[in-house]
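# Examining the three-dimensional arrangement
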Amino acid sequence: MRPPEGRAMKIGIIGAGNIGGNLARRLTALGHEVSVANSRGPHTLTALAEETGATPVPVEEAARGAEVVVVTIPLKAVPDLPSGVLDGAAEGVVVIDTGNYYPQQRDGRIAAIEDEGLTESRWTAQQLGHTVVKAFNGTYAQDILDRGRPAGDPDRIALPVAGDDEAAKRVVRTLVDELGFDSVDAGGLDDSWRQQPGTPVYGLRAGVDEVTKALADAPAERPADHRG
């Protein structure tokens, strides 16, 4: 069962960095019930909880009862998540992956991405044992707070959304819309390389037409500074 579009949902956020924290701020403001976890423990999230009304929890409990789970941690940390981290989630849980692979700058070399040609989100889905929807990975964190606009506003920017599960992708696109952004269907997870770091759409602040063109213009080869 998927949650009906446009209603308040129970959302778990794993990772309380810039993207995770700002999603917690906006999603609670929209009326969603948000739990947030990080690697350092709930006691380090008191200020965010007081600011937003989100509930700080251990990572093991972040997905408990959640209809949507956002995984927004460094790629290298994904395999270190607790085994069965999604086990307590609601049936049909939608998992959003905001992650990016920075082999030289942060994550080290991941053989399955470099040698087997897996997209970053396909690799993440394999680590989690659950399909994901790739979204917000090329979005400036501050834009989540500042750049949302009503539908139809000429300054509204669009975000690419990729995933294999069409129903899950619709849920994510509805959330993107609630946050004040248009979205562009970027295909399945095997197409999600088009929005990885170093591609034309990554960090692009533009509308639907320009984002669609940027996805189409993505070069198939990973840029040298994004290879391990």
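Scope of this entry: the structure provided in the associated data block.

Cut-offs used in this document
- Residues numbered from 1 in each chain as written.
- Predicted model: local features only at pLDDT ≥ 70, side-chain atom pairs only at ≥ 80, totals over all residues.
- Heavy atoms only, no water.
- Salt bridge = Lys/Arg side-chain N within 4 Å of Asp/Glu carboxyl O.
- Helix = DSSP H or I, 4+ residues; strand = E, 2+ residues; numbered from the N terminus.
- Buried < 20%, exposed > 50% of the residue type's maximum accessible area, 1.4 Å probe, protein only.
- 1 Å grid on protein atoms, 1.4 Å probe; cavity = no way out; pocket = protein on both sides within 12 Å on 5 of 7 lines; lining within 4 Å.
- Points joined across faces, edges and corners; volume = space filled by probe spheres on them.
- Nonpolar A, V, L, I, M, F, W, Y, C, P; charged D, E, K, R; others polar.
- Core = buried A, V, L, I, M, F, W, Y, C linked by side-chain atoms within 4.5 Å.
- Contact = heavy atoms within 4.5 Å.

Our next topic: the pattern of salt bridges. This structure, assessed with the given rule, holds 16 salt bridges. Put simply, Glu 67 and Arg 7 hold a salt bridge, and the shortest N to O gap is 2.3 Å. On the criterion of sequence distance, the pair formed by Glu 67 in the loop between strand S3 (55-56) and strand S4 (68-71) and Arg 7 in the segment before strand S1 (10-14) is long-range, its members being 60 residues apart. Exposure remark for Glu 67: the relative accessible area of 15% places this residue in the buried category. The salt bridge partner of Glu 166 is Lys 169, with a shortest N-O separation of 3.4 Å. Within this pair, Glu 166 and its partner Lys 169 are both found in helix H7 (residues 166-178), separated by three residues, close to a single helical turn.

If you roll a probe as big as a water molecule over the atoms, it shows you where there is empty space left. By volume, the largest pocket amounts to about 360 Å³. Gly 15, Ala 16, Gly 17, Asn 38 and Ser 39 are the residues nearest the centre of the largest pocket, which is lined by 23 residues in total. The leading source of residues in the lining of the largest pocket is helix H1 (residues 18-29), at four residues. Tallied by class, residues from the lining of the largest pocket come to 11 nonpolar, eight polar and four charged. The computed volume of the second largest pocket comes to approximately 290 Å³. Lining the second largest pocket are 17 residues, and of these Ile 19, Thr 72, Thr 98, Asn 100 and Arg 106 sit closest to its centre. Of the residues belonging to the lining of the second largest pocket, the class tally is seven nonpolar, nine polar and one charged.

On to empty space enclosed by the protein. Counted under the stated rule, the structure contains four cavities of 30 Å³ or more. Approximately 120 Å³ is the volume attributed to the largest cavity. Lining of the largest cavity is provided by 17 residues; of these, Gly 138, Thr 139, Leu 159, Pro 160 and Val 201 occupy positions nearest its centre. Element by element, the count of residues in the lining of the largest cavity is highest for strand S7 (residues 158-163), at three residues.

Ranked by internal contacts, the top residues of the largest apolar core, which has 31 residues, are Ile 11, Ile 13, Leu 23 and Val 68. Among the elements that take part in this core, H7 stands out by supplying five residues, more than any other. With sequence-adjacent residues up to four places away left out, Leu 23 is seen in contact with Ile 13, Val 70, Phe 136, Ile 144 and Leu 179. Ile 14, Ala 37, Leu 86 and Ile 113 belong to the second largest nonpolar core, which has 28 residues in total.

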